[in-house]
Structures are given as structure tokens and as C-alpha cells.
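If you want the building blocks of each chain, they are given just below.
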Amino acid sequence: MLQGKTILLGVSGGIAVYKAAELVRLFVKAGGSVHVVMTANAQQFVTPLTFQALSNNPVGRDLFSMDSESQISHIQKARMADLVVLAPATANLMAKMAAGIADDYLTTILLATTAPVLVCPAMNVKMWEHPATQRNLKTLCELGYRIEPPASGFLACQEEGAGRLADPGDILESSIGLLTPPTLAGRSVLVSAGPTREHFDPVRFLSNPSSGKMGYALARVAARRSARVFLVSGPCSLAPPPRVERICVTSATQMRDAILNLSSEQDAIVMTAAVSDYRPARTAAHKVKKSPEDLSVLLEPNPDILASLGQIKPPGQVLVGFAAETENITQNAQDKLVRKNLDFIVANDLTREGAGFCSDTNEVKIIGRGGEASDLSLMTKEEVAANIWDRVERILSGGDIESQQ
Ligand code: C5P
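Conventions and cut-offs
- Residues numbered from 1 in each chain as written.
- Predicted model: local features only at pLDDT ≥ 70, side-chain atom pairs only at ≥ 80, totals over all residues.
- Heavy atoms only, no water.
- Pairing = 2+ DSSP bridges.
- Helix = DSSP H or I, 4+ residues; strand = E, 2+ residues; numbered from the N terminus.
- Axes fitted to C-alpha atoms, helices over the stretch in contact; angles between N-to-C directions.
- Buried < 20%, exposed > 50% of the residue type's maximum accessible area, 1.4 Å probe, protein only.
- Contact = heavy atoms within 4.5 Å.
- Polar contact = N/O pair within 3.5 Å; in protein donor to acceptor, adjacent residues only side chain to side chain.
- Phe/Tyr/Trp six-rings, centres within 6.5 Å; stacked < 30°, edge-to-face > 60°.
- Lys NZ or Arg CZ within 6 Å of the ring centre and 35° of its normal.
- Arc of directions from axis to C-beta.
- Near = heavy atom within 4 Å.
- Areas by Shrake-Rupley, 256 points an atom, 1.4 Å probe, with all protein chains shown as cover.
- Nonpolar A, V, L, I, M, F, W, Y, C, P; charged D, E, K, R; others polar.
- Domains from an automatic or database assignment.
- Buried area = accessible area lost by both parts, 1.4 Å probe.

**Describing the sheet that holds strand E1 (residues 6–11)**
The five strands lie next to each other as E2-E1-E3-E4-E5, forming an open sheet whose pairing is parallel. The open sheet is flanked by strand E2 (33–38) and strand E5 (146–147), the only strands paired with a single partner. For strand E4 (residues 117–121) and E5, the ladder comprises two bridges, and the chain directions are parallel. Residue pairing for E5: Leu118 is matched across the bridge by Arg146.

**Section: unusual backbone geometry**
With an omega dihedral of -5°, the bond running from Ala87 to Pro88 counts as a cis peptide bond. Relative to the assigned elements, Pro88 resides in strand E3 (residues 83–89). Even without a glycine there, the phi angle at Gln158 is positive, about 70°. Positioned with a positive phi, Asn341 is a non-glycine residue whose angle comes to about 55°. Along the polypeptide, Asn341 turns up in the loop between helix H14 (329–339) and strand E17 (344–349).

**Some details on the sheet that holds strand E16 (residues 318–325)**
Strand order in the open sheet made by the eight strands is E12-E11-E8-E13-E16-E17-E19-E20, with mixed pairing throughout. Every other strand in the sheet has two partners, leaving strand E12 (244–248) and strand E20 (373–375) as the edge strands with one partner each. On average, each strand axis in the sheet is inclined to that of its neighbour by 15°, with strand direction left out of account. Judged from the six bridges that link them, strand E8 (residues 188–193) and strand E11 (residues 228–233) form a sheet pairing that is parallel. Looking at the pairing, Ser188 lines up with Arg228 of E11.

**So, helix H13 (residues 305–312)**
Taken together, the buried positions of H13 are Ile305, Leu306, Ala307, Leu309 and Gly310. If you follow the buried residues of H13, they end up packed against helix H12 (252–263), strand E13 (268–271) and E16. Of the residues that open H13, the one with a side-chain oxygen 3.2 Å from the backbone nitrogen of Leu306 is Asp304.

**Quick notes on the packing of aromatic side chains**
Inspection of the entire model under this criterion finds zero aromatic pairs. In this arrangement the basic side chain of Arg391 is found over the ring face of Phe344, its NZ or CZ atom lying 5.2 Å from the centre.

**A few points about H14**
Those residues of H14 lying buried are Ile329, Ala333, Lys336 and Leu337. Along the long axis of H14, the arc covered by the buried residues comes to 100°, so they all point the same way. Exposed positions of H14 whose direction lies more than 90 degrees from the buried face are Val338 and Arg339. Looking at the buried residues of H14, the elements they touch are E16, E17 and strand E19 (364–368). Two residues or fewer past H14, Asn341 is found with a positive phi of approximately 55°.

**Let's talk about the site of the ligand**
As a structural note, the neighbourhood of the ligand is formed by Met271, Ala273, Val275, Asp277, Pro303, Asp304, Ile305, Leu306, Gly321, Phe322, Lys336 and Lys340. In this structure, a nitrogen atom belonging to the ligand sits 2.9 Å away from a main-chain N or O atom of Pro303. In the complex, the protein chains occlude 87% of the 450 Å² of accessible area that the ligand would expose alone. Its residues assigned to classes, the shell around the ligand comprises seven nonpolar, one polar and four charged.

**Some remarks on the pairing of strand E7 (residues 160–164)**
For a regular strand, side chains alternate in direction, first toward one face of the sheet and then toward the other. Of the strand pairs in this sheet, strand E6 (residues 151–154) and E7 are connected by four bridges, and their pairing is antiparallel. Bridge pairing in E7 places Ser152 opposite Ala162. Two successive antiparallel strands, E6 and E7, enclose a turn made up of five residues, where Gln158 displays a positive phi of approximately 70°.

**Comments concerning the domain arrangement of the chain**
Entries for the chain in the domain assignment read domain 1 (6–178) and domain 2 (188–404). Of note, the centres of domain 1 and domain 2, computed from C-alpha atoms alone, are 39 Å apart. Contacts between the two partners involve five residues from domain 1, matched on the other side by four residues from domain 2. With both chains or domains summed, domain 1 and domain 2 bury close to 450 Å², and 50% of this area falls on carbon and sulfur atoms.

Dropping the structure here:
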């Protein structure tokens with residue numbers, strides 16, 4: 001996700017410096033080229049050698065180093081960055097930035113760069129809540145800096161409250177978002193994800209092994225492209241992606257109610273949820289006791305949410321379905337596309353290795369309204385999501401004629 005991008009990580013002096021080491025690892029793993037600049041105080045907590053080893057690049061730390069100043073290094077560093085991330089950003093660094101002070105290597109770079117800057121504060125809760133810090137924060141927002149707010153919890157100073165450095169995974173996600181063209185800005189999209197549970201007593205239910213990974217990947221990628229994202233999710237163990245509004249549901253009827261409530265305002269709806277087709281006709285109020293007799297559970301059909309959406313689809317809305325199949329993939333998917341009035345359908349063959357339920361990868365076929373099919377090779381679910389949004393964007397902008405036939 002960060003291939004070909006240069007990230008300048010500015011590290012200032014707080015106890016959270018050790019977490020910045022993990023952040024470097026995540027940036028490098030995502031394909032980014034990372035250059036670390038440390039303030040003098042940051043070097044009291046972790047040595048530059050750690051950052052040098054993790055980033056594979058020399059660490060900038062001295063404005064007046066003979067070596068680097070021969071190339072006016074702070075200006076060079078300011079120019080090379082596609083993104084500047086400040087983690088941890090101390091109260092002192094924020095104050096200097098708000099005032100435009102440039103008295104060391106990092107702060108001179110910050111005045112000289114035109115790259116977007118993501119500020120990730122970390123400090124004691126009282127320092128964070130101090131009116132001066134809050135005023136500086138407001139100034140930084142007005143100056144166009146992006147803020148990754150600190151998390152709440154138990155702090156190194158033994159106090160409880162806001163001030164912990166944001167989770168490195170969330171900082172990575174925001175960084176990717178800042179480097180992604182905002183092609184869905186101003187659009188609202190809804191994604192359904194995960195399984196549903198249909199209870200026949202309070203502790204037993206009918207469900208399926210859907211992990212929710214495909215839907216969560218779609219939500220994450222749409223948020224990176226600056227859409228407003230609603231994620232209606234059945235029970236699963238995944239954390240909601242940052243900047244996504246998640247609505248948690250259990251049964252198919254709850255999922256239908258949540259989706260129909262929001263559907264009319266959406267530019268696009270992608271239904272990846274593995275909705276249970278049937279539910280027990282009645283749910284016992286108490287746990288059904290074991291007995292030597294056979295037990296029959298009568299099932300009744302659940303509402304088909306996607307088919308309902310197809311019937312009430314407002315003009316211009318893009319509706320996308322998924323088809324998990326084990327045989328006659330193309331034909332079954334195409335029938336579904338017509339029956340449910342979709343713009344396109346994403347079919348996956350559940351019998352293939354690395355496709356469908358629970359895996360991190362998927363191998364899908366996208367079928368449009370004109371019957372044209374394109375096969376995508378085995379790729380990560382995030383890459384599949386990017387392909388799906390590319391196609392949604394083309395239809396939204398009126399560019400995908402075949403899909404409108
Ligand atoms: O007909 P089938 O269940 O195979 O269709 C799959 C597509 O329909 C998926 O996009 C799924 O999310 C959606 N679906 C639905 N409501 C149901 C069953 C499936 O929205 N009751």
C-alpha cells in the first residue's frame with residue numbers, strides 16, 4: 001500500500017518513542033521507504049541505531065552536522081517526503097509547530113515541507129487537557145495538519161485518561177488514507193459483512209463460517225478513498241476500520257432493518273454479507289433441553305435483503321452483490337444479477353484454494369449487466385476491494401457503458 005512512497009517519521013521525546021519503532025516496521029512492511037528524524041530528547045529514550053536498523057536508512061538528528069548540511073539536508077528531507085508522520089508528538093513539539101518555531105532539525109523540516117503532516121500526540125492526560133495544548137491543537141488543525149487523536153487508557157505516568165499514542169495500526173491506516181487519491185470524496189457507501197445468526201434458542205443458532213474479511217476490506221478501502229462508509233456487520237471478530245461507521249447486527253431481519261434504514265441515501269451498496277437464507281420458524285424462550293427423542297426445527301425463509309434493495313433502487317445508485325458458488329459459477333451469478341437487479345456481481349468459487357470464507361485472499365469473477373465477465377487472479381481481499389471500487393467509481397461517473405446496458 002505504500003510502495004514507491006517516502007515517509008518521514010519525526011520522533012519527539014516521550015515514553016511512547018518505543019512504539020514508533022513498531023510503526024517503522026509497519027511502514028516498511030507496507031512497502032514504504034522510511035526516513036526517521038529524532039529530536040535530541042527522543043534520543044534519550046531509544047537510540048537512533050534502533051530506528052536506523054528498522055528503517056534501513058540513516059537517522060536525521062543534527063541540524064548542524066557537517067555531513068548532512070553540505071547538502072542542506074533539512075530542505076532535502078522536507079522535499080523528499082510524500083508524507084510526514086509525527087509519532088509521538090509531544091506537547092512541546094505541538095507548541096513549537098503552532099508558533100512556527102524552527103530551532104532544531106525536525107522543526108526546520110516541518111516549516112520547509114509541503115507534504116501532508118499527520119500529528120500523533122502522546123503525553124500525560126493533564127498535559128493533553130491543558131488549555132494551552134488544546135489551543136495549540138486547534139491552531140494545528142486550522143493550519144491544515146491532520147491529527148491522529150491519542151487513545152484513552154492507563155498511562156506510563158500511572159494516570160488514567162487520554163494521552164496514549166494511537167494504535168500503530170491506526171496510524172498506518174491514516175497514513176495510507178492521506179496518500180490515497182480521494183476518488184470517493186463526497187460519496188456515501190454502505191457495505192454489509194459477515195454472517196448472520198438465526199437463533200432457535202437463546203444459546204444456539206444457525207450460521208455459516210463467514211469471517212467478514214471481504215466486507216471489512218471493502219469498507220477500509222472506501223474510507224481510504226474518502227467516502228463516508230457505513231458497515232453493517234454480522235457477528236465477527238474483526239475491529240472496525242478507522243473512519244468507518246459500523247452498525248452491529250445479529251440476525252438477517254436486524255440486518256435488513258439497519259440497511260433499509262440507510263439505503264436511500266447511499267451512492268453505492270455492496271452486499272458481501274453471507275445472510276442466512278433460512279431461520280427457525282420459532283425461537284424458544286429458554287435453552288432447549290436434551291432428550292432422547294429426535295428434534296425437528298422448522299425453518300422459514302429469511303427476507304432477501306439484496307433483492308429488496310434491487311426493487312427500491314433509486315436512480316444513479318450502484319448495487320453490487322456477491323455470489324458464493326460451488327458449481328455453474330458464471331450462470332448462477334448471472335441469474336442472480338438479473339433477478340436482484342444489480343449493476344454487477346462478484347462471483348467466487350468456494351471450491352478453490354485461497355478463495356471465499358475466512359481466507360485473506362480471494363479469486364473472483366466480476367460479471368456486469370451486459371453479461372461480460374472479467375476474471376481477477378488470486379489476490380488479497382484488499383486488492384479485490386480496490387477493483388470493485390474502481391468499477392463502482394466508473395459507473396458513478398457514467399463511464400462504464402457496458403454495466404449500464
Ligand atoms: O441468492 P444468494 O444468497 O446466493 O445471493 C447472494 C447475495 O445476496 C449476496 O450479495 C448476499 O449478501 C445477498 N443476500 C441477501 N439476503 C439474503 C441472502 C443473500 O442480501 N437473504
